Structure formats: structure tokens, C-alpha cells
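Structural overview
So the chains spell out like this:
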Protein chains: 2
Amino acid sequence: MSIRDVAAQAGVSPATVSRVFTRPDTVAADTRRRVIAVADELNYTPHPVARSLAQGRTGTIGIVVPDIANSFSAVTIKAVQKEARRDGFTLFVAGSDEFALDEERWARAMAAQVDGLLLVSPQMSDDTLLALAGMTPVVMTNRLLDGIPAVLTDAYEATGHAVEHLYALGHRELVYLAGPDGYSNEVRLRGFRDACGRLGIAASELGPFSARFSAGLRAGDLVLATSATGVVAYNDEVAVGVINRLADRGIRVPQDVSVVGHDDTQLAEMVMPRLTTVRIPAAAAGAAALGMLLDMVAGRDGAVHGPLRLPGELVVRASTGPAGPVGGKDEDDRS
Amino acid sequence: MSIRDVAAQAGVSPATVSRVFTRPDTVAADTRRRVIAVADELNYTPHPVARSLAQGRTGTIGIVVPDIANSFSAVTIKAVQKEARRDGFTLFVAGSDEFALDEERWARAMAAQVDGLLLVSPQMSDDTLLALAGMTPVVMTNRLLDGIPAVLTDAYEATGHAVEHLYALGHRELVYLAGPDGYSNEVRLRGFRDACGRLGIAASELGPFSARFSAGLRAGDLVLATSATGVVAYNDEVAVGVINRLADRGIRVPQDVSVVGHDDTQLAEMVMPRLTTVRIPAAAAGAAALGMLLDMVAGRDGAVHGPLRLPGELVVRASTGPAGPVGGKDEDDRS
DNA sequence: CATAATGATGAAACCGGTTTCAGAAACAGT
DNA sequence: ACTGTTTCTGAAACCGGTTTCATCATTATG
């Protein structure tokens, strides 16, 4: 059960057994064989907690996401987990329900027992972030703060492309549905505004809305009260919510109104009409962030130079279409 | 930084400091105050790993789900996390991508460093399960195995209700789209078959399909090759996939074909038409399972008597409708 | 007042590993 | 045969807490 039992049984010292499991090459071949034989006869396996204490590293990294149930988070987690396992690390996952206080609490709780912390779109204060970074290596995504390495998914250009796309389809009045305050929303909004300005399109904003379907429903009603024919939503869930509400009110997408989302979550391909959206490379961002983090953990200081920017990309599907003068498009647009 | 530093600074023994943090009531009020003062002046906080080693418990429970990105899993995780935190436990999350080998690996890796293990719809072998249960307290959901406490979400009746619902709408030929082998699929299939038998409906099966949207697309084509007018899918994602593919082929839901899903994930309300589905109480099941697990961990042996069964419930929405002789229903069924 | 019970504290063992350091043994070179 | 390396192993300290047990001071009890 313990290392001393194995040692006794194999007639060696605990130190040797330990070596067999940590640096096998430093122990003579036959000794090693004997120890291993005894070990798996007793089916002994080193106690991870004890090992962590002794080595001062846990082989664990923590990740805090805004909302586990959100498909965007899920994709990130998945990518990170895959990367982490490749390097022999396991993952502590916490979801904060977009609630900054929870987020901080989880992060602090984890900070003490992980080798590094990956914060996805953190909402907490700068001070808190810096405090955390003082306790353990921290990398974050979609948040910019001097002194903490970050991976940014930069939708600025792609959001602009979305606007251009709508412009090309004839839309002349657009509305942006804001998400929760933070880097992502700010960049998307800026991309939207700047492109509208450049093209001379009437641009307005609604929100902020929480980044959920239900908020999208509500947003849908508000959109109805405007005369906009094109909607750019903070994320796909909101976009889908809008489309649903509009449908309930007899407004068809894309015939009457065009809608663009953000993130390109699984949802985008599942709904009808399939959603035109700005793809955010969540998996790539997660993997990259983890890579940086592991570099920091291992003392290989990569990454310390400026944040990494990964561009988004407009994906055109079926929720955007020509702006009709009064919505007089033909009904059948199946491809 | 360490407990001895605090002890020295406060002029007490390490033991006393430890007591202040574990059973504050056993130390004199003024001593306690002094220690606390010193502690947060040095902003000392007990090292969780060391504490775990000494106490023999980690304050951590592990959960393994089939697929983090699946909304059903996400809901479960969320519920479990909420419960866990209430009791001061943190969560280790692992997703197995529906791959039994991964699942086993994760479970084993976790088993050694958590106080208990929660397995959601595990696919691994009985032997492996029992081996795990021998290492640490284990509770599972949607899997039945003697000797391991479980929470079962029992869709049998509700799936039958779905069949009756379709029958009442005039459907006389139904097809079931099987999911991955396992308890859930088995129960759903049985509920489907028995109800069809009872009502004298023609029943066939296709699959098994993996429980994903993409598999649903494929299933949609296969459905087209049958003459069934009613489809009962293993889960919502598959159901939505079917609907999409049918739409691409010009078949309307629910006018031409009715579709029922399972799980009642967020997706069900997001798609159009909104999905009629058998709600599975994932959150309740997760919470209940965690409750049992914590009982076991704490030595309060609740739960050891037989598995807990939570019934499903048919939720009728807009993806099911009257079976027309040749689909000659009116087009406008907005509520 | 003597004695028992109660309460607060510290010394030391312990949880289960890792790692430094030094010594023994084997080997190479001249 | 002698010295200098190299390889292998064990003793013991250590990681940072918790907990048992004994001690001592204090208060309650007869």
C-alpha cells in the first residue's frame, strides 16, 4: 500500500522504490525489475497527493470558464483537456455562471492547488487578476491586462466583414446586440461601429444582454421596435434567440431581417436557417493558451512577449440575405 | 508562508495554528485572534495539498462525463458543481468523448486523488467499474450494476407516452433511432417497442448512431427510406439532425413527419419547430447522485439500498403533429 | 482544602512520497 | 596493484500540514 511496504517486500530502501517510479534509468536493471514485480503484485501505485506535496507540483491545471453549459466554453475545455493530457496534466474545471464573484472564488480556491490557472474571458477586477498571477502562473483568453500573458480572439476584422457582407446585400440600417462587458464585446462592437462608419450605414446598439438564448428572445422584441434590417448579435445563442422571437412575430429570417451571430458554435449549423456567424477559433485559442501556461509552469518562458492574437473569420450561411424594399423576396430559398 | 512561520511569529506552536484553521473553537479566544491577525498579515493560507495528505481526504470529487460539449452533460456538471460547492467540495471534470478507453483512463487517474467518483453513463466494463469502486467511493448514473449505487433516469414510461402521443395524432408507423449501447438506449428502446406493441403500431429501428447532430443528419437519410411518419430519436441532437436533413430534402416537420427527441436539452427550445421531447431530469439526477456520493464519503451510508429511479416526462412542443394521409395539413400552425 | 474535571497548549509522530548526500561497489586506466 | 571515475543504493531530512497524547493551569465539586 505505501512505498515502504513495497520497499520492505522487495528488500530495498524506499528511496530506491521512489526512484523506480520517477527516474527508472537511475536504478540497476535487475533491481528495477524486482521492485516493479513486487509493486504490481501488491498493485501499488504512488499516492498522487503525497507526490504532489514532495515535488511541489500537482500535475494539475485549473480552468475557469464563464459558463460550462455554453457550447463555446465546452469547445475550449475540450481542446484544453486534450492538450493537457498530452503533457500529463489533468484538469480542474470550474464554471462561474458569468458571475464575477463566483469566478474569483473558484479561481482563488484553485490557485493554491494547481500548477497553473487558465482563465477564459475573466470578468474579475484587474487587481484580483494580478493577485492571482502572484500566486500561480496565469494565462487568460479574451482579456487584456499588462503583465498577464493572454490569447486574444480578435473578431475586429471579421465583424467588420460581417457588416460589409450585410452592406453588400443591400442593408443600410444595422443594430448590434451587445453582450456582457468585456474584451470580446468591446472588440466586436468596435469592429461593428468602425465598419458601419466606413460604409456610411446607420448603426445602433442594444443591450448589454447576457450571452444566453433567453436574452436573445428579449432582444428580438427590441429589434422589432427598430427599423433595422440587419442584426449583429454578440454570440450565436443570442442570435438564435432573436430569430426565434422574430419568427414568433411573423418576421422571417433572412427574407425580412438578416441575422449574424458570433462564435460559430455547434448551434449555428443546427438551427434553421443555418446561422451566418463570425467564427472564433475557440479550440485553437484554448490550446495556445494552455501551451503558454505549460511553458510558464515548466520555467520555459515562452509567451511572455505580448498577447497572441487569433483572428476570427466570417462564415456565411443562410441567416443573411438580400434586403428587400419591403421584404418582397420569394419564399423558397432552399439550396 | 508555512504554518511554522505563522506559529513562530505568533509565539505559539504549529499545532495551535493548525487548530485555529480546523477547529477554531478548541483554542482560546485571544490566542485565536492573535494567530488570525498574524496569519492574514503574512497572508498565510493552509496548503491544500499538505492538508489533504495529512487528513487523508482531498475535498475533491471527480466526475467523468461522456462528452463535455454535450448539453446534457453540461447540465449535469452544473448541477453537481453547485451541490458540491455547497458542501465545500471542488470538482475534477473529465470528458471521455464517448470513448470507453479514455473514460477508464480518466477514471483511474482521478480515483487516486479524489474523495469520490461520479460516473455519468459510463461505458466501461463491469470489471473496471468494480475495480474503481474498490479504490474509492463510486456512484454512477444511467448504468445498472450490482454493488455500485446508481441513479437511473427512467424514460421507459415517458418514451411510451411519446409513442401514445404519436398514435393519438394518427401515426401508425414509427421508427426509433438508436443511440450508443447502454442503459439509456436500452430503456428508451424498450419503452418504444412495448408501447408500439401495446398499440399495434408498426415499429422499426435504425442505428445505433452516436449521440450527435452529425449522426442525426445521416439518420435523416435513412428515415427517408422508410415509410414511417413518426420518428423517436435517442436524443435531441440526433432529432435535430434528422429534422435538418429532412428539411434539406423538402420534407416538413411536423406536417409530413413528426419527430420526438430525448433529454430536453436547451437545444429543444432553440430550434424551429421547437422539439417535442422526453425530458430527462439531468440536473436532479446529478444532484441526487452527488448526494449519495457525499454520504458515502462521509461514512453516512445512505443510498446503499438499490438504485434511485427518476422518471422522465414527455414535453410536447411543435415537432409533432397530426399524421396527414399524404401530408395535406394546413401550413400555419403557429400557436 | 483536596481532588476531580475541564480547557488550552505544545512535542512529536504521522500522512506518503522525493531528494540530497554520502558511502559502497564496480569499473577503467596506467 | 593503485587511483580516479562512474554507478548504484540507503539514511535521513523534507514537503506542510494534522492529530494524538501528555502536561499544565484553571475551575468546579465534595
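Residues numbered from 1 in each chain as written. Chains lettered and ligands numbered in written order. Predicted model: local features only at pLDDT ≥ 70, side-chain atom pairs only at ≥ 80, totals over all residues. Heavy atoms only, no water.

Here we take up the pairing of strand β8 (residues 230-233) of chain B. Residue and element names in this part refer to chain B. With burial as the criterion, each face of β8 is covered, one bearing G230 and V232 and the other bearing V231 and A233. In this sheet, β8 lies alongside strand β6 (residues 173-177) in parallel orientation, the contact comprising four bridges. In the sheet register, L177 faces β8, and the bridge partner there is A233. Two elements, β8 and strand β9 (residues 258-263), share three bridges in a ladder whose sense is parallel. Looking at the pairing, G230 lines up with S258 of β9. Taken together, β8, helix α11 (residues 236-248) and β9 constitute a β-α-β crossover, and its handedness is right-handed. (Buried < 20%, exposed > 50% of the residue type's maximum accessible area, 1.4 Å probe, protein only. Helix = DSSP H or I, 4+ residues; strand = E, 2+ residues; numbered from the N terminus. Pairing = 2+ DSSP bridges. Right-handed = clockwise from strand over helix to strand, strands pointing away.)

Glancing now at the domain arrangement of chain A. Residues and elements named next belong to chain A. Per the domain assignment, the segments making up chain A are domain 1 (55-152 + 282-310) and domain 2 (156-280). Its C-alpha centre places domain 1 at a distance of 29 Å from the equivalent point of domain 2. Taken residue by residue, the interface counts 11 residues in domain 1 and 12 residues in domain 2. Buried surface at the junction of domain 1 and domain 2, summed over both partners, amounts to about 950 Å²; 46% is from carbon and sulfur atoms. The largest share of the area that domain 1 buries against domain 2 comes from S71, F72 and E98, three residues that together contribute 40% of it. Scanning the region where domain 1 abuts domain 2 turns up zero salt bridges. Across the domain 1-domain 2 interface, the total number found is three residue pairs in polar contact (both at pLDDT 80 or more). (Domains from an automatic or database assignment. Contact = heavy atoms within 4.5 Å. Buried area = accessible area lost by both parts, 1.4 Å probe. Salt bridge = Lys/Arg side-chain N within 4 Å of Asp/Glu carboxyl O. Polar contact = N/O pair within 3.5 Å; in protein donor to acceptor, adjacent residues only side chain to side chain.)

This paragraph deals with the protein's contact with DNA strand C. As a structural note, the neighbourhood of DNA strand C is formed by 29 residues, with I3 and S18 of chain A together with T16, R19 and T31 of chain B the closest of them. Backbone atoms, meaning sugar and phosphate, make up 56% of the atoms of DNA strand C lying within 4 Å of the protein. In this structure, T16 of chain B approaches DNA strand C through a side-chain N or O atom, which is 2.6 Å from a phosphate oxygen. Broken down by secondary-structure element, the contributors of at least two residues to the surface near DNA strand C are α1 (3-10), α2 (14-22) and α4 (48-55) of chain A together with α2 (14-22) and α4 (48-55) of chain B. Considering every element that reaches the surface near DNA strand C, the biggest residue donor is α4 of chain A, with five residues. Of the residues contributing to the surface near DNA strand C, the split by class is 14 nonpolar, 10 polar and five charged. (Near = heavy atom within 4 Å. Nonpolar A, V, L, I, M, F, W, Y, C, P; charged D, E, K, R; others polar.)

For soluble globular proteins, the rule of thumb is that nonpolar side chains tend to be buried together. Among the nonpolar cores identified, the biggest contains 50 residues, and L177, V259 and L275 of chain A together with L177, V259 and L275 of chain B are the most heavily contacted of them. L275 of chain B has contacts with D236, A239, V240, I243, V259, G261, A268, V315, R317 and S319 of chain B, leaving out every residue within four places of it along the chain. Grouped together as the second largest cluster of nonpolar side chains are 46 residues, I68, F89 and A285 of chain A together with V120 of chain B included. (Core = buried A, V, L, I, M, F, W, Y, C linked by side-chain atoms within 4.5 Å.)

Here we take up the sheet that holds strand β8 (residues 230-233) of chain A. One key point about sheets: their strands pair by backbone hydrogen bonds, in either a parallel or an antiparallel sense. All names here are of chain A. Here six strands make up an open sheet; going across it, the order is β7-β6-β8-β9-β10-β12 and the pairing mixed. Unpaired on one side and paired on the other, β7 (202-206) and β12 (313-315) mark the two borders of the sheet. Neighbour-to-neighbour, the strand axes of the sheet open up by a mean angle of 20 degrees, direction not taken into account. The strands touched by helix α8 (residues 156-168) are β6 (173-177), β8, β9 (258-263), β10 (276-279) and β12; relative to β12, the strand with the most contacts, the crossing angle is about 40 degrees. Across the face of the sheet, helix α10 (residues 213-224) comes into contact with β6, β7 and β8 while running at roughly 155 degrees to β6. (Axes fitted to C-alpha atoms, helices over the stretch in contact; angles between N-to-C directions.)

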